[in-house]
There are 2 protein chains.
Amino acid sequence: MNAETAERIRAVAVELGYRANPQARALSTTRTSMIAVILADVTNPVFFEVVRGAELAAYEAGYTMLLAETQESAERERAVLERALSTVDGIVLTSSRMSDSAIRQIAKVKPVIVLNRVVTGVPSVVTDNLRGMRRAAEHLGELGHEQICYLAGPEASWADGMRWRSLREAAMELELRVRRVGPFAPTVNGGVAAAAEWGRQRTTAVVAYNDQMAIGFMRGVRAMGGQVPRDVSVIGFDNSNMAELVTPALTTVAAPLHSLGVTAARNVLAISRGAQARATEAVVLPTKLVVRESTIAPE
Amino acid sequence: MNAETAERIRAVAVELGYRANPQARALSTTRTSMIAVILADVTNPVFFEVVRGAELAAYEAGYTMLLAETQESAERERAVLERALSTVDGIVLTSSRMSDSAIRQIAKVKPVIVLNRVVTGVPSVVTDNLRGMRRAAEHLGELGHEQICYLAGPEASWADGMRWRSLREAAMELELRVRRVGPFAPTVNGGVAAAAEWGRQRTTAVVAYNDQMAIGFMRGVRAMGGQVPRDVSVIGFDNSNMAELVTPALTTVAAPLHSLGVTAARNVLAISRGAQARATEAVVLPTKLVVRESTIAPE
DNA sequence: GTGAAAGCGCTAACAA
DNA sequence: TTGTTAGCGCTTTCAC
């Protein structure tokens, strides 16, 4: 058949509204052109850009994104994974509640990329927590603060552990004192609770596990009659869209949310197409400190 | 085969990690147990709860949700739909950019539910804009305002048309004066632009197309040296999670975001299972006015 | 290069 | 009831 007739056939096909049946194709090729993104909470602004990035990367590669929310429930995460597993060509796991070994198990069956967490043997994409926290500490140091209180996020969170350790190390080098309160839920309400805790032994500066907590903290301080940044400087983490809408606008470590999503999706696609995963090496994406109104020099 | 052996087989099956292949099943049944949710902008807080509701309803019914973002591009919407169409059992269309007839076309091929828009012949689920706007007008009237400025959203938006008309009617009955400025983009920046426009002929009260615009408006007013609510009362629409985080906290008409998502998903599933769609009747979900700090009596 | 046929893993219709 | 078989619509292999 020559190229011209092929073209004509194609033309008639679209005219007739013919669409290849993806299920039939999938059945013989075992590839569905779909990837799954699993996350704990669609409501968390941190994920917006991640989801958008992943969807964009998928779209560009001709893939469709399937999104499932686990509502922070391990049981639901299993159920969701169970369902998606045989339907997709790869999985992006965000804020998973599962154990490392459970994740490795899944990774044996389908390509998996873990986001913001390191699981040995499974490729991952993470934020550069280390340098992010370092910049936060430097900023505070430059302003003249001498003591920092870290508002910890969820206990089991890999990212929380990294952030706290990074902050502590940076503080040590810069000769700042740090302490840690928590753990708290990584939400606005968690931040409010953290404010109460902080109130019992105040510091002139606070670094929160994430923006949501930082925002809650500011609110808590205000409820206690205090004022940010006059009474306490606060730094968040993520630079979610909330950060600049809040008053005072939040100084925060900007995580590369969009890139995180794009990179994760691309990598999972690459692996599913047979690329050799440089398994052990996590891809580390850079952060940057965004200084806004919530940090000033102490009195 | 008796029930007992059936059970044993089942047991062995899970032990062996057997999973029915969904593609093969879909091929013979023509049902995939997936629904698609199409939206313009994952980043818009209005959709969080909608998406969550839809995902929840899907999950409970044993379905998986496929999410696609159109980035406000009609072309992308087509492409996305093209891809999803033969992969899902039903489609929830949110903030579609397509024409009514294009939507009807799709609805012929697969069950479709339209959200926050009425397309004759296609079942839809909408917010009760009428009573919502009426409550907003009443609230302002009770406070003693006599003139209201409506900050219009996107021109082509069905919801914008409804909201403006509803507000105007309510105002007329309550003997308030209203005018309309815009259209503006339904975003924070759109609201900032609206503030400039409003500044040329001020009113003591403003009702915005949505929360995002209301927030942008407040910011714009502040940038112009004004203060909310002292200089102008403002009411948003949606009660997205931003509304209570902003300072001053935003008075807003709460749209039933979660129910919208749940209802849409359930209905599309029902139709796909053969339920007779009460085609023409849109399901209208109730709103409620949430009074916070951004509205007070005029001076 | 072109065409025919087998088979992907399931469901449903049909015999037994 | 139980067992058998014919497809679902594609891809791929294999013979021509």
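Residues numbered from 1 in each chain as written. Chains lettered and ligands numbered in written order. Predicted model: local features only at pLDDT ≥ 70, side-chain atom pairs only at ≥ 80, totals over all residues. Heavy atoms only, no water.

## Considering the sheet that holds strand β8 (residues 205-208) of chain A
Sheets are built from strands paired through backbone hydrogen bonds, the pairs being either parallel or antiparallel.
Residue and element names in this part refer to chain A.
1) Next: Taken together, 6 strands build an open sheet; the order of strands is β7-β6-β8-β9-β10-β12 and the sheet is mixed. The open sheet has two edge strands, β7 (177-181) and β12 (288-290), and neither has a second partner. Ignoring strand direction, the axes of neighbouring strands in this sheet form an average angle of 20°.
2) Next: As paired strands, strand β10 (residues 251-254) and β12 are joined by 3 bridges and run antiparallel to one another. For Val253, the partnering residue across the bridge sits in β12 and is Leu289.
3) Next: Against the sheet, helix α7 (residues 158-174) touches β6 (147-151), β7, β8 and β9 (233-238), its axis set at about 160° to β7. (Pairing = 2+ DSSP bridges. Helix = DSSP H or I, 4+ residues; strand = E, 2+ residues; numbered from the N terminus. Axes fitted to C-alpha atoms, helices over the stretch in contact; angles between N-to-C directions. Contact = heavy atoms within 4.5 Å.)

## Brief notes about the packing of aromatic side chains
1) Next: Summed over the entire model, instances satisfying the criterion amount to 5 aromatic pairs over all chains.
2) Next: Here Trp198(B) and Phe217(B) contribute two aromatic rings whose centre-to-centre distance is 5.3 Å and whose plane-to-plane angle is 75°, an arrangement assigned as edge-to-face. A residue pair is termed long-range when its members are at least 10 positions apart, and Trp198(B) in helix α8 (residues 188-199) and Phe217(B) in helix α9 (residues 211-223) qualify at 19 residues. Each of the two residues, Trp198(B) as well as Phe217(B), counts as buried.
3) Next: Across from the ring centre of Tyr59(B), 3.8 Å away, lies the NZ or CZ of Arg76(A), which sits over that ring.
4) Next: The ring of Phe237(B) has Arg163(B) lying over it, and the distance from NZ or CZ to the ring centre is 3.8 Å. (Phe/Tyr/Trp six-rings, centres within 6.5 Å; stacked < 30°, edge-to-face > 60°. Buried < 20%, exposed > 50% of the residue type's maximum accessible area, 1.4 Å probe, protein only. Lys NZ or Arg CZ within 6 Å of the ring centre and 35° of its normal.)

## Here we look at helix α7 (residues 158-174) of chain B
In an α-helix, one turn spans 3.6 residues; hence positions three or four apart end up facing the same way.
Residues and elements named next belong to chain B.
1) Next: Given a rise of 1.5 Å per residue, 17 residues ought to cover 24 Å, and the 24 Å separating the end C-alpha atoms of α7 matches this to within 8%.
2) Next: Taken together, the buried positions of α7 are occupied by Ala159, Asp160, Arg163, Trp164, Ser166, Leu167, Ala170 and Ala171. Across the axial projection of α7, the buried residues extend over an arc of 165°, all falling on one side. Seen from the buried face of α7, the exposed residues on the opposite side, beyond 90 degrees, are Met172 and Glu173.
3) Next: The inward-facing, buried residues of α7 contact α6 (129-143), β6 (147-151), β7 (177-181), β8 (205-208) and β9 (233-238).
4) Next: With a side-chain oxygen lying 3.2 Å from the backbone nitrogen of Ala159, the N-terminal cap of α7 falls on Ser157. (Expected span 1.5 Å × (residues − 1). Arc of directions from axis to C-beta. Polar contact = N/O pair within 3.5 Å; in protein donor to acceptor, adjacent residues only side chain to side chain.)

## Considering the side chain of Thr127(B)
Residues and elements named next belong to chain B.
1) Next: Within the secondary structure, Thr127 is located in strand β5 (residues 124-127).
2) Next: A polar contact of 3.0 Å, which involves the side chain of Thr127, links it to the side chain of Asn116.
3) Next: Residue contacts for Thr127: discarding those within four places in its chain leaves Asn116, Phe237, Ala255, Pro256, Leu260, Val284, Leu285 and Thr287.

## Details of the interface of chain B and chain A
1) Next: Facing the 48 residues of chain B at the interface are 48 residues of chain A.
2) Next: Summed over both sides, the interface between chain B and chain A buries roughly 4300 Å², with carbon and sulfur atoms accounting for 54% of that surface.
3) Next: Our enumeration of links across chain B and chain A arrives at 8 salt bridges.
4) Next: Taking the shortest distance from any N to any O, the salt bridge between Arg52(B) and Asp41(A) comes out at 2.5 Å.
5) Next: Remark: the boundary between chain B and chain A carries 18 residue pairs in polar contact (both at pLDDT 80 or more).
6) Next: Counting only elements with at least two residues in the side of chain B that touches chain A, the list comes to α2 (22-29), α3 (45-60), β2 (64-69), α4 (74-85) and α9 of chain B.
7) Next: Ranked by residue count, the leading element in the side of chain B that touches chain A is α3(B), at 8 residues. (Buried area = accessible area lost by both parts, 1.4 Å probe. Salt bridge = Lys/Arg side-chain N within 4 Å of Asp/Glu carboxyl O.)

## Overview of the domain arrangement of chain A
Residues and elements named next belong to chain A.
1) Next: Taken domain by domain, chain A consists of domain 1 (3-127 + 257-285) and domain 2 (129-255).
2) Next: Measuring from the centre of the C-alpha atoms in domain 1 to the corresponding centre in domain 2 gives 33 Å.
3) Next: Listed per partner, the contact involves 10 residues of domain 1 and 11 residues of domain 2.
4) Next: Overall, the association of domain 1 and domain 2 removes approximately 930 Å² of surface from exposure, summing both partners, and the carbon and sulfur fraction of that is 62%.
5) Next: A per-residue breakdown of the area domain 1 buries against domain 2 is headed by Pro45, Thr127 and Leu257, which together make up 52% of the total.
6) Next: Along the contact surface separating domain 1 from domain 2 lie 2 residue pairs in polar contact (both at pLDDT 80 or more).
7) Next: Residue contributions to the side of domain 1 that touches domain 2 peak at 3 residues, all from helix α3 (residues 45-60).
8) Next: Grouping the constituent residues of the side of domain 1 that touches domain 2 by class yields 6 nonpolar, 3 polar and 1 charged. (Domains from an automatic or database assignment. Nonpolar A, V, L, I, M, F, W, Y, C, P; charged D, E, K, R; others polar.)

## Describing the sheet that holds β6(B)
Residues and elements named next belong to chain B.
1) Next: Read from one edge to the other, the open sheet built from 6 strands follows the order β7-β6-β8-β9-β10-β12, with strand pairing classed as mixed. The sheet is open, and its two borders are formed by β7 and β12 (288-290), each paired with just one other strand. For this sheet, the mean inter-axis angle between neighbouring strands, taken without regard to orientation, is 20°.
2) Next: As judged from the 4 bridges shared by β6 and β8, these two strands associate in the parallel manner. Counterpart to Leu151 in the pairing with β8 is Ala208.
3) Next: Strand contacts of α7: β6, β7, β8 and β9, with the helix running at about 160° to β7, the strand carrying the most contacts.
4) Next: Against the sheet, α9 engages β6, β8, β9 and β10 (251-254), with an angle of about 155° to β9.

## Thoughts on the side chain of His145(B)
Residue and element names in this part refer to chain B.
1) Next: With respect to the secondary-structure elements, His145 resides in the loop between α6 and β6.
2) Next: On the basis of relative accessible area, His145 is assigned to the buried category, the value being 3%.
3) Next: At a separation of 3.3 Å, a polar atom in the side chain of His145 contacts the side chain of Ser233.
4) Next: At 2.7 Å, the side chain of His145 and the backbone oxygen of Ile296 are in polar contact.
5) Next: Excluding residues that lie within four positions of it along the chain, His145 makes contacts with Leu140, Leu176, Thr204, Ala205, Ser233, Ile296, Ala297 and Pro298.

## Concerning unusual backbone geometry
Negative phi characterises most residues that are not glycine, and trans characterises most peptide bonds.
1) Next: At the junction of Gly182(B) and Pro183(B), the peptide bond is cis and its omega measures out at 5° in the coordinates.
2) Next: Here Pro183(B) is to be found in the loop between β7 and α8.
3) Next: The linkage connecting Val228(B) with the following residue, Pro229(B), adopts the cis geometry, with an omega of 5°.
4) Next: Residue position: Pro229(B) is located in the loop between α9 and β9.
5) Next: Phi at Asn116(A) takes a positive value of approximately 55°, unusual for a residue other than glycine.
6) Next: If you trace the backbone, Asn116(A) turns up in the loop between β4 (112-115) and β5 (124-127).
7) Next: Here the phi dihedral of Glu175(B) falls at roughly 60°; this positive angle occurs in a residue that is not glycine.
8) Next: Residue placement: Glu175(B) occurs in the loop between α7 and β7.

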